[in-house]
Amino acid sequence: MIPDKAPGEDVYQATCDLRKEAHVPSFEKYKELYLKSVENPEEFWGDVAKDFFWKSKHTGQFLDYNFDVTKGKVYIKCMEGAITNICYNVLDRNVHDKKMGDKVAFFWEGNEPGDELKVTYRELLKQVCKMANVLKSLGVKKGDRISIYMPMVVELVVAMLACARIGAVHSIVFAGFSAESLCERILDSQCSLLITADGFYRGDKLINLKMIADDALEKCTEKNFSVQKCIMLKHLSKDGSLLPEGSQSPPAKRACSDLQVPWNPEVDLCWHTLMEEASDECEPEWCQSEDPLFILYTSGSTGKPKGVLHTVSGYMLYTASTFKYVFDHQPDDVYWCTADIGWITGHSYITYGPLANGATSVLFEGLPTYPDVSRMWEIVDKYQVTKFYTAPTAIRLLMKYGSGPVQKFTRRSLKVLGTVGEPINPEAWLWYYNVVGEKRCPVVDTFWQTETGGHVLTPLPAATPMKPGSAAFPFFGVVPAILNESGEELEGPNEGYLVFKQPWPGVMRTVYGNHERFETTYFKKFPGYYVTGDGCRRDKDGYLWITGRIDDMLNVSGHLLSTAEVESALVEHEAVAEAAVVSHPHPVKGESLYCFITLKDGFDYTISLEAQLKKQVREKIGAIATPDYMQNAPGLPKTRSGKIMRRVLRKIARNERDLGDVSTLADCTVIEQLFQNRCNTA
Ligand code: WTA
């Protein structure tokens, strides 16, 4: 599956400097390790496990599983019989065994420039122990579910690790979600306690988080479920002093004196008061390998979110090793992942992966465009960031403003760039590589899912020659395949369903409270395989290219097309900032292409531009992909995590006003504008 030799043409290679110090310095070395990881997982992961603390060793097989629904229940078990604690491994082990107590774990950078804080591993451990004791004093026990609804503050990491320390299961809900969504998630996992904050700023917008949290709790009560206690952190209120001993109190910039914080004395507790009284020592709860670690909700095709469940040991080994190899982590790195901890990227690559490696990270509360579009690069220079990880949507957004705002800062410290979340179109990839990284930094296009726990397809920065837009090859232990509609494995250059043939330590174990849904969603269609739901193409060199969700695939005159492919062709035009393509019914061809086009500043939407765009798509893909309809879209409907809501666009294209649930939409005003501009498809 992986070629013996990497191609030497039409690819981008890491610099010699990067290769010199890298964990995996060549393609040959990658291949050697990969073969070991799939042929002898016990030995491969056994080496990884040596770096961690185990109260007792595993007894059974390293990985035991069944992926075939026709043979019985689907299950995955990793290191059965082993006993450990993930919080102990990411904190105590670094402070005590590795003597890194004084190393900075997080540079916290607030929404407002100048609002900052530094937290060492020792300080973080103390805070986590205190919070763990607080939770225990409130009656929280191993296995209890705790809901966390907080902004991007260090205390969010403290809260999640405190849960992990006592074996409680955290369920973090992104702070941009509505009361309705929070309530739904609390009910599904029956959380006994909620941890939240008074409020926060997103750019210049004030969010009264406690008010939303209270609304959610009220909705829970209406549904006959009561959350017993709610711990509230004072993040904006003036008297809320932040973390570690010895650090300054929060700068006035963040304080907000007129925030009205609702308070219910029967339920609400103050984070700071509880912490003051708590001891900073706490013996970890020793957990079985397969004890649950956390639940994280992800959207499902039926509309109801799925509670993806991850367990202790496998997730720990997998996030630690992907972080180490994919970002080629080195002891003096300063790493920055711009995701929110409310999403899986933040769980795996802000909290667990980096801390397991004793890394120093930037934890950023704000937005890439506030107070201006140079903010990211200003932060890179300020902390001398070496490894930087963001989403294609952020890259495309910043690209709209050209290279000027980027070049205001040197970015000289950068060594590796990463992307995640959606296919990156080659134009955005090249801008990231050429302008941001100045042709010096490999770009790791990491493909993975909430369900996979960590990266599953990705280049390794010093080892894999890169092709812009390709997630390249599998990570260690991962065995991908491409299937056709009848479930046959396709060899050589081909396109079809992306599946995995065997588990890796970090794959999800079940949908919380609904194992049947787990089996139906991921294992029913092709028994024996984990089905990602994504389409994938393999080129002549064996590189894998994600073509987008299968549900975003369309069939035009019997030809399978991916919306991502067409979008990529459209955004290669100099006038186009972003494009979203949806399927529209067609009486002859079956389906046709309806395209929403967002232009860059300074360009006008004209008939002649439309003609140019159609020509461009025809040239890039073929006449079969020629757009049928095209409309000007000054804004696109996006979720708060930046994903385009194609479901909504499909409705707009069809002029159907019944949009269904749009509670995750970041900005509702774009919808009406799109209806007004829509094409006549009659
Ligand atoms: C998409 C995010 C192409 C894909 C970590 C997947 C990607 C879904 C990439 C999971 C990538 C993520 N290239 N597509 N590098 N990364 N995706 O659960 O469709 O929020 O199935 O996890 O995002 O999204 P999720």
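Overview of the structure. Only a predicted model underlies this, so the values are computations on that prediction, with no experimental measurement involved.

### Digging into the overall build of the protein chain
What the protein chain contains, in helices and strands, is 20 helices and 30 strands. The C-alpha radius of gyration of the protein chain comes to 24 Å, within 12% of the 26 Å expected for a compact globule of 682 residues. Seen through its principal axes, the protein chain has C-alpha atoms that stretch 70 × 60 × 55 Å. Of all intrachain contacts in the protein chain linking residues separated by at least 6 positions in sequence, the fraction that spans at least 24 positions is 73%. Carbon and sulfur atoms provide 49% of the accessible area of the protein chain, an area that totals close to 25,700 Å².

### Some thoughts on the site of the ligand
Neighbouring the ligand are 16 residues; Asp 445, Thr 446, Thr 450, Asp 534 and Arg 549 lie closest to it. Within the backbone of Glu 422, one N or O atom sits 3.3 Å away from a nitrogen atom of the ligand. At 2.7 Å from a nitrogen atom of the ligand is found a side-chain nitrogen or oxygen belonging to Asp 445. Bound to the protein, the ligand loses 90% of the 520 Å² it would expose on its own. Only helix H11 (344–356), strand E20 (443–446) and strand E25 (544–549) provide two or more residues apiece to the shell around the ligand. Residue composition of the shell around the ligand, grouped by class: six nonpolar, five polar and five charged.

### Digging into the packing of helix H6 (residues 154–165) against H11
At a minimum axis separation of 12 Å, H6 and H11 run at an interaxial angle of 60°. Here H6 is positioned oblique relative to H11, judged by the angle of their axes. Along this stretch, H6 crosses H11, giving a crossing that reads as right-handed. Contacts between H6 and H11 involve Val 157, Met 160, Leu 161 and Ala 164 on the former and, on the latter, His 347, Thr 351, Tyr 352 and Leu 355. Taken together, the residues of the contact of H6 with H11 break down into six nonpolar, two polar and no charged.

### Let's talk about the layout of surface pockets
Empty space within the second largest pocket amounts to approximately 300 Å³. Lining the second largest pocket are 18 residues, and of these Val 48, Asp 51, Phe 52, Lys 324 and Asn 357 sit closest to its centre. Broken down by secondary-structure element, the contributors of at least two residues to the lining of the second largest pocket are helix H2 (27–39), helix H3 (41–49), helix H4 (86–97) and helix H10 (312–326). The leading source of residues in the lining of the second largest pocket is H10, at four residues. For the lining of the second largest pocket, the class distribution of residues is eight nonpolar, four polar and six charged.

### Concerning the sheet that holds strand E21 (residues 480–483)
Working definition: the strands of a sheet are paired by backbone hydrogen bonds and lie parallel or antiparallel to each other. The strand order across the open sheet built from four strands is E21-E22-E24-E25, with neighbouring strands paired in antiparallel fashion. The open sheet has two edge strands with one neighbour each: E21 and E25. Neighbour-to-neighbour, the strand axes of the sheet open up by a mean angle of 45°, direction not taken into account. Bridge count between strand E22 (residues 494–500) and strand E24 (residues 530–538): six bridges; the pairing is antiparallel. Paired with Gly 496 across the bridge in E24 is Cys 536.

### Concerning the sheet that holds strand E6 (residues 145–149)
As summarised here, the arrangement of the eight strands in space is E12-E11-E8-E6-E7-E14-E15-E23, forming an open sheet in which the pairing is mixed. Each edge of the open sheet carries a strand with a single partner, namely strand E12 (268–270) and strand E23 (510–511).

### Looking at the side chain of Arg 185
Along the chain, the position of Arg 185 falls in helix H7 (residues 179–189). Among residues more than four places away in sequence, those in contact with Arg 185 are Val 173, Phe 177, Tyr 297 and Pro 305.

### Some thoughts on the pattern of salt bridges
Within this structure, the stated rule accounts for 38 salt bridges. Linking Arg 375 and Glu 109 is a salt bridge whose minimum nitrogen-to-oxygen distance equals 2.8 Å. Of this pair, Arg 375 sits in helix H12 (residues 375–383) while Glu 109 is found in strand E4 (residues 104–109), placing the two residues 266 residues apart along the sequence. Given a relative accessible area of 1%, Arg 375 falls into the buried group. Judged by relative accessible area, Glu 109 falls into the buried class, the value being 2%. Each of Lys 36, Glu 43, Asp 47 and Lys 50 takes part in salt bridges that share partners, so that together they form one network.

### Topic: helix H13 (residues 392–399)
With respect to burial, H13 is a largely interior element, seven of its eight residues being buried. For H13, every residue scored as buried is listed here: Pro 392, Thr 393, Ala 394, Ile 395, Arg 396, Leu 398 and Met 399. Packing partners of the buried residues in H13 comprise H12, strand E18 (387–390), strand E19 (416–420), helix H15 (426–436) and strand E28 (576–586).

### Looking at H4
Each α-helix turn comprises 3.6 residues. Residues three or four places apart therefore point the same way. With 10 of its 12 residues buried, H4 lies for the most part within the structure. Buried residues along H4 sit against strand E3 (83–84), helix H5 (121–137), H6, strand E14 (292–298), H10 and H11. For H4, the N-terminal cap is Asn 85; the gap from its side-chain oxygen to the backbone nitrogen of Cys 87 is 2.8 Å. Following H4 by one or two positions, Lys 99 adopts a phi angle in the positive range, close to 55°.

Rules used throughout
- Residues numbered from 1 in each chain as written.
- Predicted model: local features only at pLDDT ≥ 70, side-chain atom pairs only at ≥ 80, totals over all residues.
- Heavy atoms only, no water.
- Helix = DSSP H or I, 4+ residues; strand = E, 2+ residues; numbered from the N terminus.
- Rg over C-alpha atoms; globule rule 2.2 N^0.38 Å.
- Contact = heavy atoms within 4.5 Å.
- Areas by Shrake-Rupley, 256 points an atom, 1.4 Å probe, with all protein chains shown as cover.
- Near = heavy atom within 4 Å.
- Polar contact = N/O pair within 3.5 Å; in protein donor to acceptor, adjacent residues only side chain to side chain.
- Nonpolar A, V, L, I, M, F, W, Y, C, P; charged D, E, K, R; others polar.
- Axes fitted to C-alpha atoms, helices over the stretch in contact; angles between N-to-C directions.
- Parallel < 35°, antiparallel > 145°, perpendicular 65-115°, else oblique.
- Left-handed = near helix turned anticlockwise from the far one by under 90°.
- 1 Å grid on protein atoms, 1.4 Å probe; cavity = no way out; pocket = protein on both sides within 12 Å on 5 of 7 lines; lining within 4 Å.
- Points joined across faces, edges and corners; volume = space filled by probe spheres on them.
- Pairing = 2+ DSSP bridges.
- Salt bridge = Lys/Arg side-chain N within 4 Å of Asp/Glu carboxyl O.
- Buried < 20%, exposed > 50% of the residue type's maximum accessible area, 1.4 Å probe, protein only.

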